[in-house]
Amino acid sequence: MTELSWGRRYLMCPPEHFGVLYEINPWMHREVAVDRDRAREQWDRLVATLEAAGAVVELLPAQPDVPDLVFTANAGLVDGDVFVPSRFRHPERQPEVPYDRAWFEEHGWRIEELPEGVSHEGAGDALPFGGVLVSGYRLRSDAASHAYLSRLTGAAVRSVELVDERFYHLDLTFCPLDDRRAIVNPAGWDDYGRRVMEALVPEPLVLEADEALAFCANSVVVGRVVVMPALPPRVGRQLEAWGFEPVECRVDEFLKAGGGCRCLTLALDVTLPST
Ligand code: ARG
């Protein structure tokens, strides 16, 4: 089995200004208070866990008034030295973009823009696997964004329709593990998307409903280490049988905003397969 060629370098943003200040997914409830100290502890532990697994973590400075900036998976799409900033569906997250773009500019990336009016929410909705870029659409990203992404990156995009509001980003339904295996949550896809993914992933770990709702697909893979927001025994046994080392890293404070381990990271070492 060949390990993923990416996933050893991540961008993360400390949760100094994290909170649930608006509701743009079914997990968010403004009346549920975030415990900032706990959030910080959980985030620090996630950083330490990724570093212990051999990953390098780089920091995007925290900013006031953009409470979801911590979810760097949505900053944009990385392809080698090219960065495509996200175009967020919801106005609440649009003010994040200048901060994301500035970080990538300052760190030597070339910026390529999607056209205005076409939404795409970055790596949260697009993950490479099996020689293509799998990208979700409908709930946050527009289907039309896929052709533009393909043109900007040279990657073939495989489109998958997301149909369940609770799994509003692709990374709540799909987690590549190595060149043949991935954690999948087909409940989030339409019938055609299920067939597409069945054809693409030779050895899927199919989540059961409660496992998917615990955000098991929202995991970070560093070589053979799988850092997961929840680790149900059945999932752990399957991962171990495949030679992975699953590690639970609780991020409950961030689940209040509908984000898990993967959402809090953006892989910086991705080069997309070109056609
Ligand atoms: N509150 C954020 C939103 O709804 C959470 C983003 C989670 N990110 C992810 N990649 N799934 O946009």
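That block above? That's the structure.
The structure reproduced in this document is the subject of the present report.

Rules used throughout
Residues numbered from 1 in each chain as written. Predicted model: local features only at pLDDT ≥ 70, side-chain atom pairs only at ≥ 80, totals over all residues. Heavy atoms only, no water. Near = heavy atom within 4 Å. Polar contact = N/O pair within 3.5 Å; in protein donor to acceptor, adjacent residues only side chain to side chain. 1 Å grid on protein atoms, 1.4 Å probe; cavity = no way out; pocket = protein on both sides within 12 Å on 5 of 7 lines; lining within 4 Å. Sits in = over half its atoms within 2 Å of the grid points. Nonpolar A, V, L, I, M, F, W, Y, C, P; charged D, E, K, R; others polar. Phe/Tyr/Trp six-rings, centres within 6.5 Å; stacked < 30°, edge-to-face > 60°. Helix = DSSP H or I, 4+ residues; strand = E, 2+ residues; numbered from the N terminus. Buried < 20%, exposed > 50% of the residue type's maximum accessible area, 1.4 Å probe, protein only. Lys NZ or Arg CZ within 6 Å of the ring centre and 35° of its normal. Core = buried A, V, L, I, M, F, W, Y, C linked by side-chain atoms within 4.5 Å. Contact = heavy atoms within 4.5 Å. Salt bridge = Lys/Arg side-chain N within 4 Å of Asp/Glu carboxyl O. Pairing = 2+ DSSP bridges. Axes fitted to C-alpha atoms, helices over the stretch in contact; angles between N-to-C directions. Arc of directions from axis to C-beta. Points joined across faces, edges and corners; volume = space filled by probe spheres on them.

1. Digging into the site of the ligand
Neighbouring residues of the ligand: 16 residues in total, closest Asn25, Arg93, Arg140, Asp171 and Cys263. Separating an oxygen atom of the ligand from a side-chain N or O atom of asparagine 25 is a distance of 2.7 Å. At a separation of 2.9 Å, a nitrogen atom of the ligand approaches a polar side-chain atom of histidine 169. Here the ligand is seated within the second largest cavity. A class-by-class count of the residues in the shell around the ligand yields seven nonpolar, five polar and four charged.

2. Remarks on the packing of aromatic side chains
Under the defined criterion, the tally for this structure stands at nine aromatic pairs. A ring pair is formed by tryptophan 27 and phenylalanine 215, whose centres lie 5.0 Å apart and whose planes are at 90°; its orientation type is edge-to-face. On the criterion of sequence distance, the pair formed by tryptophan 27 in the loop between strand S1 (9–12) and helix H1 (36–52) and phenylalanine 215 in the loop between helix H5 (209–213) and strand S12 (220–222) is long-range, its members being 188 residues apart. Since its relative accessible area comes to 3%, phenylalanine 215 is described here as buried. In textbook terms, an aromatic cluster arises when at least three aromatic residues are bridged by ring pairs, as seen for Phe83, Trp103, Phe104 and Trp109. The ring of phenylalanine 244 carries arginine 224 above its face, with NZ or CZ at 4.1 Å from the centroid.

3. Some details on the nonpolar core
With 77 residues, the main nonpolar core has Leu50, Val134, Phe174 and Phe254 as its most contacted residues. Considering each element in turn, this core owes the most residues, five residues, to H1. Setting aside anything within four residues of it in sequence, one finds phenylalanine 254 in contact with Pro15, Phe18, Ala39, Gln42, Trp43, Val70, Phe71, Gly259 and Leu264. Counting 15 residues, the second largest nonpolar core, distinct from the first, contains Cys13, Ala62, Leu69 and Trp109.

4. Some details on the pattern of salt bridges
Tallied over the full model, the rule gives 22 salt bridges. Arginine 166 serves as the salt-bridge partner of aspartate 164, at 2.7 Å between the closest nitrogen and oxygen. Accessibility expressed as a relative area gives 36% for arginine 166, which makes it partly exposed. Connected through salt bridges with shared partners, the residues Asp178, Arg180, Arg181, Glu203 and Arg224 form a single ionic network.

5. Description of the sheet that holds strand S13 (residues 225–228)
Strands in a sheet are paired, the pairing made by backbone hydrogen bonds, and the direction either parallel or antiparallel. In space, the three strands of this open sheet follow the order S12-S13-S14, with mixed pairing throughout. Whereas interior strands pair on both sides, the edge strands pair on one side only; in this sheet they are S12 and strand S14 (245–248). Direction aside, neighbouring strands of the sheet carry axes that sit 20° apart on average.

6. What about helix H2 (residues 97–106)?
Each α-helix winds once per 3.6 residues, and so residues spaced three or four apart point in a common direction. Those residues of H2 not exposed but buried are Val97, Asp100, Trp103 and Phe104. Each buried residue of H2 lies within a common arc of 135° when the element is viewed along its axis, so the set occupies one face. Its buried side turned inward, H2 meets S1, strand S2 (56–59), strand S3 (76–79), strand S4 (82–85), strand S5 (110–111) and strand S15 (266–267). Just beyond H2, the residue with positive phi is glycine 108, at close to 90°.

7. Structural notes on the side chain of glutamate 253
With respect to the helices and strands, glutamate 253 occurs in helix H7 (residues 252–255). A polar contact is formed between the side chain of glutamate 253 and the backbone nitrogen of aspartate 35, at a distance of 2.9 Å. Here the side chain of glutamate 253 touches lysine 256 through a polar contact of 2.7 Å, side chain to side chain.

8. Observations regarding empty space enclosed by the protein
By the definition in use, this model includes three cavities of 30 Å³ or more. What the largest cavity holds in volume is close to 130 Å³. Lining the largest cavity are 17 residues, and of these Ala123, Ala126, Leu127, Ala267 and Val270 sit closest to its centre. Breaking the lining of the largest cavity down by element, the ones donating at least two residues are S3, strand S6 (126–129) and S15. If you tally residues by element for the lining of the largest cavity, the top one is S6, at three residues.

9. What to know about helix H3 (residues 145–153)
Listed in full, the buried residues belonging to H3 are Ser145, His146, Leu149 and Thr153. Projected down its long axis, H3 carries its buried residues within an arc of 95°, all on one side. Packing partners of the buried residues in H3 comprise S3, S4, strand S7 (132–137) and strand S8 (157–161).

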